[in-house]
Amino acid sequence: MKRISLNKKNFYIIFVTIIVAISLPLLLIWIFYIPHSPEDALQQFYTYESMEDELKDPLIIAGPKVVPLLIKEIQNKDMPHRLYAIRALGDLGDSSALNVLKSILNDTSEIDYFRCGALEAIALIDIDVARELAKQYKETDITSLSEISRYLLSHNKPPHWVVRRTYIEALFDYITNPLPQRTQSKGVRQKRKIGSGQKRKIGSAPITNGQMGSNRVPRVKLNPNEEGYP
């Protein structure tokens, strides 16, 4: 059998081919899937359909740059997927979100699960702040909020069911999510259909007063005075 010798030129050709083969898909993913601005990330979040833990992925992928816009948006009680936006602030771990999360937690007019989500997010950002707040709610009549508070005070860490979602986890699930279920940021909107025998994904239809999931998909607007601002 004839031995094939690998000279320097052939080595470089193979090396470059491998680099291109790896880089091209990553480049295409970055161009077509990754949010490139806070507004882009928020629009993708509003239209994204996936399992419950993955709904916040567009925001996590966008990173700290989306936090200021997210802080403003979650003050709107009719924000689509608001609970997952609150949880995303905890995953992002930016202390600038603490004030708005405290406000949601302490607002007795808020729905209970928003208040619980706010305390859980605070625990991911600053456990000491969360423990101090928990002292106020360990005896509350709201069972879930009381349970979270008692856990924080007895364990000195976020509840075991509150797990920070990492950038890598979010990115992997986001790019492997079937394309028909994702609305691209180019303005294309998919119609959401739920058949009688089809399992509904969280976020694809209204849940509990339309707060956790919503079919209303607002266009992201930068001017609060603009008509129809979400």
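Provided above is the structure to which this section pertains.
The text that follows walks through the structure, step by step, so that each part is easy to find. All figures in this text were calculated on a predicted structure; none of them were measured in a lab.

### Thoughts on the overall build of the protein
Check the secondary structure of the protein and you find 10 helices and zero strands. Secondary structure elements in the protein, listed N-terminal to C-terminal, are α-α-α-α-α-α-α-α-α-α. Burial status across the protein gives 42% buried among its 230 residues. A fraction of 62% describes how many contacts in the protein between residues 6 or more apart in sequence connect residues 24 or more apart. Counting only carbon and sulfur atoms, one obtains 56% of the accessible surface of the protein, whose full area is about 13100 Å².

### Structural notes on the nonpolar core
L70, I74 and L101 are the most contacted members of the largest nonpolar core, which totals 43 residues. Residue assignment for this core shows that the elements contributing at least two residues are α2 (38-47), α3 (57-62), α4 (67-73), α5 (82-92), α6 (98-106), α7 (112-125), α8 (127-137) and α9 (143-155). Take this core: its biggest share by element is eight residues, from α7. Grouped together as the second largest cluster of nonpolar side chains are six residues, Y48, I60, A170 and Y174 included.

### Overview of the side chain of E120
Tracing the backbone through its elements, the reader meets E120 in helix α7. For E120, the side chain forms a polar contact with the side chain of W161, separated by 2.9 Å. Beyond its immediate stretch of four places on either side in the chain, E120 contacts R87, I148, W161 and V162.

### Some words on the environment of S37
With respect to the helices and strands, the residue S37 is situated in the loop between α1 (8-32) and α2. You can call S37 partly exposed: its relative accessible area is 23%. Considered as a pair, S37 and G63 are 26 residues apart in the sequence and their alpha carbons are 9.9 Å apart.

### Here's the deal with the pattern of salt bridges
Enumeration according to the criterion identifies seven salt bridges in this entry. Between D57 and R165 there is a salt bridge; the shortest N-O distance is 2.6 Å. On the criterion of sequence distance, the pair formed by D57 in helix α3 and R165 in the loop between α9 and α10 (167-176) is long-range, its members being 108 residues apart. When sorted by exposure, D57 lands in the same class as R165, which is buried.

### Focus: α7
With 14 residues, α7 extends 20 Å from end C-alpha to end C-alpha; this agrees with the ideal 20 Å at 1.5 Å per step. Judged by how many residues are buried, α7 sits mostly within the fold: 12 of 14 residues are covered. On its buried face, α7 is in contact with α5, α6, α8 and α9.

### Describing the packing of α7 against α9
Interhelical geometry of α7 versus α9 gives an angle of 15° and a closest axis separation of 9 Å. Judged by the angle between their axes, α7 and α9 are roughly parallel. For the crossing formed where α7 meets α9, the hand is left-handed. Judged by residue contacts, R115, C116, L119, E120 and A123 of α7 engage S144, L145, I148, S149 and L152 from α9. Taken together, the residues of the contact of α7 with α9 break down into six nonpolar, two polar and two charged.

### Side note on a nonpolar patch on the surface
A surface patch of nonpolar side chains, amounting to about 580 Å² of accessible area, comprises F11, Y12, F15, V16, I19 and V20. Positionally, F11 belongs in helix α1.

### Regarding α9
For α9, built from 13 residues, the straight-helix expectation of 18 Å at 1.5 Å per residue is met to within 8% by its first-to-last C-alpha distance of 18 Å. Inspection of α9 places L145, S146, I148, S149, Y151 and L152 among the buried residues, and these make up the whole buried set. Elements that come into contact with the buried residues of α9 comprise α6, α7 and α8. N156 sits one or two positions beyond α9 and adopts a positive phi of about 55°.

### A short note on the packing of aromatic side chains
One pass over the full model with this rule turns up three aromatic pairs. Judged by centre distance (6.1 Å) and plane angle (40°), the ring pair of F45 and Y46 falls under tilted. With respect to burial, F45 and Y46 carry one shared label: buried. Aromatic side chains Y113 and F114 sit 4.8 Å apart centroid to centroid with 70° between the ring planes, which places their arrangement in the edge-to-face category.

Parameters at a glance
- Residues numbered from 1 in each chain as written.
- Predicted model: local features only at pLDDT ≥ 70, side-chain atom pairs only at ≥ 80, totals over all residues.
- Heavy atoms only, no water.
- Helix = DSSP H or I, 4+ residues; strand = E, 2+ residues; numbered from the N terminus.
- Buried < 20%, exposed > 50% of the residue type's maximum accessible area, 1.4 Å probe, protein only.
- Contact = heavy atoms within 4.5 Å.
- Areas by Shrake-Rupley, 256 points an atom, 1.4 Å probe, with all protein chains shown as cover.
- Core = buried A, V, L, I, M, F, W, Y, C linked by side-chain atoms within 4.5 Å.
- Polar contact = N/O pair within 3.5 Å; in protein donor to acceptor, adjacent residues only side chain to side chain.
- Salt bridge = Lys/Arg side-chain N within 4 Å of Asp/Glu carboxyl O.
- Expected span 1.5 Å × (residues − 1).
- Axes fitted to C-alpha atoms, helices over the stretch in contact; angles between N-to-C directions.
- Parallel < 35°, antiparallel > 145°, perpendicular 65-115°, else oblique.
- Left-handed = near helix turned anticlockwise from the far one by under 90°.
- Nonpolar A, V, L, I, M, F, W, Y, C, P; charged D, E, K, R; others polar.
- Patch = residues over 30% accessible without salt bridge, like charges linked within 9 Å, V, L, I, M, F, W, Y side chains within 5 Å.
- Phe/Tyr/Trp six-rings, centres within 6.5 Å; stacked < 30°, edge-to-face > 60°.

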